[in-house]
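# A closer look at the structure
Now for the letters of each chain:
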Amino acid sequence: MLTGWKLALSKLFIIPQRYVLAVMGLLAIANAYTMRVCLNLAITQMVKKNVAVEGDEHYDPNACPDLNIVANATSPVLAYYRADDAVLFEWSEATQGLILGSFYYGYVLTHIPGGMLAERFGGKWVLGLGLLSTAICTFITPITVKMGGATALFILRVLEGLGEGPTMPGLMAMLSKWAPKAERARFGAIVFGGAQIGNIAGSYLSGLIMHEGSWENVFYMFGGLGFLWFLFWTVLCYSTPNTHPYISDEEKKFLNQNVDALIHSKKQALDPIPWKGLLRSVPLWALIIAGIGHDWGYFTMVTDLPKYMTDVLKFNIKSTGILSALPYVAMWIASFFFGLVCDFCIKRGYHSIQNARKIYTTIAATGPGICIILASYSGCDTTLAVFWFVFAMTLMGAYYSGMKINPLDISPNYAGTTTAMVNGIAAISGIISPYLIGLLTPESTLKQWRVAFWVCLGVLVVTNVVYLMFAKGEQLWWDDVRKHGYPANWKHGPLPSRTVDSEEQKEKTDDKDVK
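Residues numbered from 1 in each chain as written. Predicted model: local features only at pLDDT ≥ 70, side-chain atom pairs only at ≥ 80, totals over all residues. Heavy atoms only, no water.

A few words now on the overall build of the chain. Secondary structure summary: the chain contains 21 helices and 2 strands in total. Taking all 515 residues of the chain together, the buried fraction comes to 53%. Across the chain, the fraction of contacts at a sequence separation of at least 24, relative to all contacts at a separation of at least 6, is 81%. Surface summary for the chain: the accessible area is close to 23000 Å², and the carbon and sulfur share equals 65%. (Helix = DSSP H or I, 4+ residues; strand = E, 2+ residues; numbered from the N terminus. Buried < 20%, exposed > 50% of the residue type's maximum accessible area, 1.4 Å probe, protein only. Contact = heavy atoms within 4.5 Å. Areas by Shrake-Rupley, 256 points an atom, 1.4 Å probe, with all protein chains shown as cover.)

In structure tokens form, the structure reads like this:
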């Protein structure tokens, strides 16, 4: 029972502690995404722009007119500078692509280890220290790149990815201990909305900051906000209700009675992760392949849309920031719409869960791919091009009703591990796509970008076809082999099982005697 300062402190909160965690979780994801994406916009102002004139071998007759430039006529090839640019570095498009993708080299490596650490030691410090390290890396980005150039920035972004990789697994481990079953949808809507809030804030605020000042300020601001978040996180949030020092007695009792992970934890202990079943599961690999396709399209938009708007459509940095944020606003709103429609159709029996996952995954894959192709064929009609980009991300909002929640369908018992596998392996797209786009767009012309967008459409369509062929919407046998048994063609030996101790065996015997 709470007494003294703990009781007094608990009475200061007007909302339950589980919703304090939900809000701080939202801010955690928002911070993670702002620190991840701020470079995507800042790099457009970090690199010197040399624009060839007519007669030069790289001259593009189809280039959109730029109304925000000042020409330095003393140069044999006119070097164009924007009045609001801070031009410092001469990096090729391929080098920029490597830098933009470097974050995901580290991010991929710590996804599964982060989940395992969170399950063993609790999510508070796995998540908190991971984001703190990301904030430090973000804050020191300006001085690092000025001292060490592209190589130093590449290494720093890898380190940043290493810190951010455990973010989602750590948060999921905490939510499993704090979210009652009847409130999970509410928790999900609050917490995972942080991703789009981060994308929106990262794009919009970066554009405003660089319009009024230097690109360095972007990293100082978002890194500073990361430090501030960590201070509040340390004081306000804890891995489980039972380790929280000033949660009310009523809420602690309620959570211990209504959160599955806290109820009879020993009786509900799972068997060891069935790696033999997971790694040979065709539906799981179909989901991973679909994840690779989705991330390819998503990272193309997140990472390279600011460059396309700046280099091809010739928006100034303020306009680029605002217009880069619009697609994520649309995606965020559309995700709620698609979720409501999906739940309604499943409840009415209009389609099965399996067909729902396939339908909404297809909408989120092929729809955006077609839209970005149409945007590239809009030429210099900036209004039409922006419309197609916004509509692309609107359709991508169906992703949350499709493959995003498919791990809960096929593996409710090991959803954390399967989610880490899908997210971690799929994030390889974040490494490949920016670099490949850099190779495909050496002069960043409209025709070169059109080829890059066709490649994106091809990846989205092919991976979606694989998902349509092999995806499942029900629990797979290896998730609960005691319930489903082994498939008839299984020839790889038994899956590992949990050792039942003598005390637990005695409890089971007593239960049988009572019956």
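Going through the model one piece at a time under the given rule, you end up with 27 aromatic pairs. Measuring from ring centre to ring centre gives 5.9 Å for Tyr104 and Tyr107, while their planes differ by 85 degrees; the resulting arrangement is edge-to-face. Residue Tyr104 and its partner Tyr107 are both found in helix α3 (residues 93-109); the two are separated by 3 residues, about one turn of the helix. Each member of the pair, Tyr104 together with Tyr107, is buried. On the numbers, 5.3 Å between centres and 55 degrees between planes, the contact of Tyr308 with Phe453 is tilted. A residue pair is termed long-range when its members are at least 10 positions apart, and Tyr308 in helix α12 (residues 282-311) and Phe453 in helix α19 (residues 446-470) qualify at 145 residues. Residue Tyr308 shares its accessibility class with Phe453, and that shared class is buried. Aromatic ring contacts, followed pair by pair, group Phe103, Tyr104, Tyr107, Tyr298 and Phe299 into a single cluster. (Phe/Tyr/Trp six-rings, centres within 6.5 Å; stacked < 30°, edge-to-face > 60°.)

In this section: a nonpolar patch on the surface. A cluster of nonpolar side chains, contributed by Ile136, Phe139, Ile140, Ile143, Met147 and Tyr220, occupies part of the molecular surface with about 570 Å² of accessible area. Of all elements in the fold, only α5 (123-139) and α6 (141-164) reach the threshold of two or more residues within the nonpolar patch. With respect to the helices, strands and loops of the structure, Ile136 is situated in helix α5. (Patch = residues over 30% accessible without salt bridge, like charges linked within 9 Å, V, L, I, M, F, W, Y side chains within 5 Å. Salt bridge = Lys/Arg side-chain N within 4 Å of Asp/Glu carboxyl O.)

Its 30 residues give helix α2 (residues 17-46) an end-to-end C-alpha distance of 43 Å, which sits within 8% of 44 Å, the value for a rise of 1.5 Å per residue. Within α2, the axis deviates most sharply at Val37, by approximately 30 degrees. Buried residues dominate α2, accounting for 28 of its 30 residues. (Expected span 1.5 Å × (residues − 1). Bend = angle between axes of the 7 residues up to and from the residue.)

Let us look at the nonpolar core. Counting residues in hydrophobic clusters, the biggest one holds 95 residues, and the most contacted among them are Met46 and Trp91. At 17 residues, the largest contribution of residues to this core is made by α2. Here this core gathers at least three residues from each of two domains, domain 1 (16-48 + 88-187 + 213-241) and domain 2 (274-485). Judged by nonpolar contacts, the second largest core, of 25 residues, contains Leu287, Tyr399, Tyr467 and Ala471. (Core = buried A, V, L, I, M, F, W, Y, C linked by side-chain atoms within 4.5 Å. Domains from an automatic or database assignment.)

This part covers empty space enclosed by the protein. Inspection of the entire model under this criterion finds 5 cavities of 30 Å³ or more. Lining the largest cavity are 27 residues, with Tyr33, Tyr107, Tyr399, Lys404 and Asn423 positioned closest to its centre. Of all the elements in the fold, those that place two or more residues in the lining of the largest cavity are α2, α7 (167-178), α8 (184-212), α12 and α17 (415-426). For the lining of the largest cavity, the element with the highest residue contribution is α12, accounting for 5 residues. A class-by-class count of the residues in the lining of the largest cavity yields 17 nonpolar, 6 polar and 4 charged. Split by domain, the lining of the largest cavity shows at least three residues from each of two domains, domain 1 (16-48 + 88-187 + 213-241) and domain 2 (274-485). (1 Å grid on protein atoms, 1.4 Å probe; cavity = no way out; pocket = protein on both sides within 12 Å on 5 of 7 lines; lining within 4 Å. Points joined across faces, edges and corners; volume = space filled by probe spheres on them. Nonpolar A, V, L, I, M, F, W, Y, C, P; charged D, E, K, R; others polar.)

Turning to the side chain of Asn199, a few remarks are in order. With respect to the helices and strands, Asn199 occurs in helix α8. Given the relative accessible area of 1%, Asn199 is considered buried. A polar contact is formed between the side chain of Asn199 and the side chain of Tyr298, at a distance of 2.5 Å. The residues touching Asn199, leaving out its near neighbours within four places in the chain, are Tyr33, Val37, Tyr298, Val302 and Tyr328. (Polar contact = N/O pair within 3.5 Å; in protein donor to acceptor, adjacent residues only side chain to side chain.)

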